[in-house]
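Survey of secondary and tertiary structure
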Amino acid sequence: RSPEDGGSFDGSTEEKRAILYAARDAGSAFVDVEWDGPLRALAFGPQAPRTILSHHGAPCDASSLTALFDAMAGTKAHGLKIVPRATRPTELRAVRDLLSRARGARRALCSFAMGKAGTWSRVVALSWGSWGVYGAAARGRETGEGQFETRELLDVYRVQEISESTRFYGLCGTALQGSPSPELHAAGYRALGLDAVYVPIESGDLDEVASVVSEDGLLPLLGFGVTIPLKELAAKRCAQLDAF
């Protein structure tokens, strides 16, 4: 992807085309091109069955994502990828609803959200119906804000194993990347044989967190911890149920 698309490839369109065609000729199952890029014609022609059509950075709201999906779904591309940028955790409802729309249309869609607020959408994307989710090869090699290592996705968050019976717990606050809590809890769950995942919810707004993690929210949690800047705000809402 070129810098204007959020990537680091600084070659020309023709160089990019040559690389993609070489990958195709070498046996690559698919090549990925941007919806609003110069190579999107691949999604309309004879190479469409081997093309993933992508869009990154759209506003994470229902109207924007629905219009984008409907336009992209009109191509012949094998699969679609729509990765909006979330600024608040509650915006991820639009991602969940978009994946539901894609299932109803029988259109293969990969979708989750970029940005710190969208981090946990990468954990639940497969369970919401996304055909994939992207992880970094190693720490420091992330290609998008909020991206986990592939190892974390598979071993800590168990993204391929999440089902209706999976129990969710979490950590809420800001500056959560690098927190040892998800790995520590994952080790405990494994030791106890629990089908559970500990998810980071990045937000400095306690009301926002409450709307996400409540029983009828996007990610109902059975329990969660809070860190800065939510500790004092959460403490004020606590009730003493028994004496120490």
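Everything here concerns the structure above.
Here we summarise the structure given alongside this text. (Residues numbered from 1 in each chain as written. Predicted model: local features only at pLDDT ≥ 70, side-chain atom pairs only at ≥ 80, totals over all residues. Heavy atoms only, no water.)

1. Here's the deal with the nonpolar core
Stated formally: Only buried Ala, Val, Leu, Ile, Met, Phe, Trp, Tyr and Cys residues count toward a nonpolar core, and they belong to the same one when joined by side-chain atoms within 4.5 Å. Think of it in three bands: residues with accessible area under 20% of the maximum for their type are buried, residues over 50% are exposed, and the middle band is partly exposed, with areas taken using a 1.4 Å probe on protein chains only. Secondary structure counts use DSSP, requiring at least four H or I residues in a row for a helix and at least two E residues in a row for a strand, with both numbered from the N terminus. Contacts are residue-level and defined by heavy atoms, with any inter-residue pair within 4.5 Å sufficient.
Judged by nonpolar contacts, the single largest core of 52 residues is most densely connected at W120 and L219. In terms of residues, this core owes the most to one element, helix α3 (residues 92-104), which gives 6 residues. For L219, the residues in contact, after removing those within four places along its chain, are W120, V124, F168, V199, I201, V212 and V213.

2. Regarding the sheet that holds strand β2 (residues 51-59)
Selection criterion: Whether two strands pair depends on DSSP finding at least two bridges between them. Angles run from 0 to 180 degrees between N-to-C directions of axes, and those axes are lines fitted to C-alpha atoms, restricted for helices to the stretch in contact.
Pairing is parallel in the open sheet, where 4 strands are placed in the order β1-β2-β3-β4. With partners counted over all chains shown, the strands left at the sheet margins are β1 (31-34) and β4 (109-111), one partner each. Averaged over all pairs of adjacent strands, the angle between strand axes in this sheet comes to 25°, irrespective of strand direction. The pairing of β1 with β2 spans 4 bridges and is parallel. Counterpart to V31 in the pairing with β2 is T51.

3. Here we look at the pattern of salt bridges
Here is the rule: For this analysis, a salt bridge means a side-chain nitrogen from Lys or Arg found within 4 Å of a carboxyl oxygen belonging to Asp or Glu.
The tally for this structure, following the rule as stated, stands at 15 salt bridges. With its nearest N and O atoms 3.3 Å apart, the salt bridge here joins R88 to E208. Taken together, the residues span a long stretch of sequence, with R88 in the loop between β3 (79-85) and α3 and E208 in helix α7 (residues 206-213) at a distance of 120 residues. On the basis of relative accessible area, R88 is assigned to the partly exposed category, the value being 43%. In this structure, the salt-bridge partner of R151 is E149, at a minimum N-O distance of 3.8 Å. The exposure class assigned to E149 is buried, which follows from its relative accessible area of 14%. Each of R139, E142, E149, R151, E152 and E183 takes part in a single network of salt bridges with overlapping partners.

4. Concerning the pairing of strand β6 (residues 196-202)
Counting buried positions along β6 gives 7 out of 7 residues, so the element sits mostly inside the fold. Burial along β6 is two-sided: A196, Y198, P200 and E202 and V197, V199 and I201, pointing in opposite directions, are all buried. Strand direction decides the pairing type here: strand β5 (residues 167-173) and β6, joined by 7 bridges, are parallel. Of the residues in β6, the one forming a bridge with Y169 is Y198.

5. Some points on the environment of S181
Topologically, S181 is positioned in helix α6 (residues 181-192). For the pair S181 and G225, spaced 44 residues apart in the sequence, the C-alpha separation amounts to 9.6 Å. Leave out the neighbours within four places in its chain, and S181 touches L171 and Y198.

6. What about α3?
Note the threshold: Every helix has an expected span of 1.5 Å times one less than the residues it contains. Each direction from the helix axis to a C-beta atom contributes to the arc, which is the arc of those directions.
With 13 residues, α3 should cover 18 Å at 1.5 Å per step; its first-to-last C-alpha distance of 19 Å lies within 8% of that length. Looking at α3, one finds that the buried residues are L92, A94, V95, L98, L99 and A102. The buried side chains of α3 occupy one side of the element, clustering within an arc of 145° when seen end-on. Where α3 is buried, its residues touch α2 (62-72), β3, β4 and α4 (121-124). Trailing α3 by a residue or two, R106 shows a phi angle of about 55°, which is positive.

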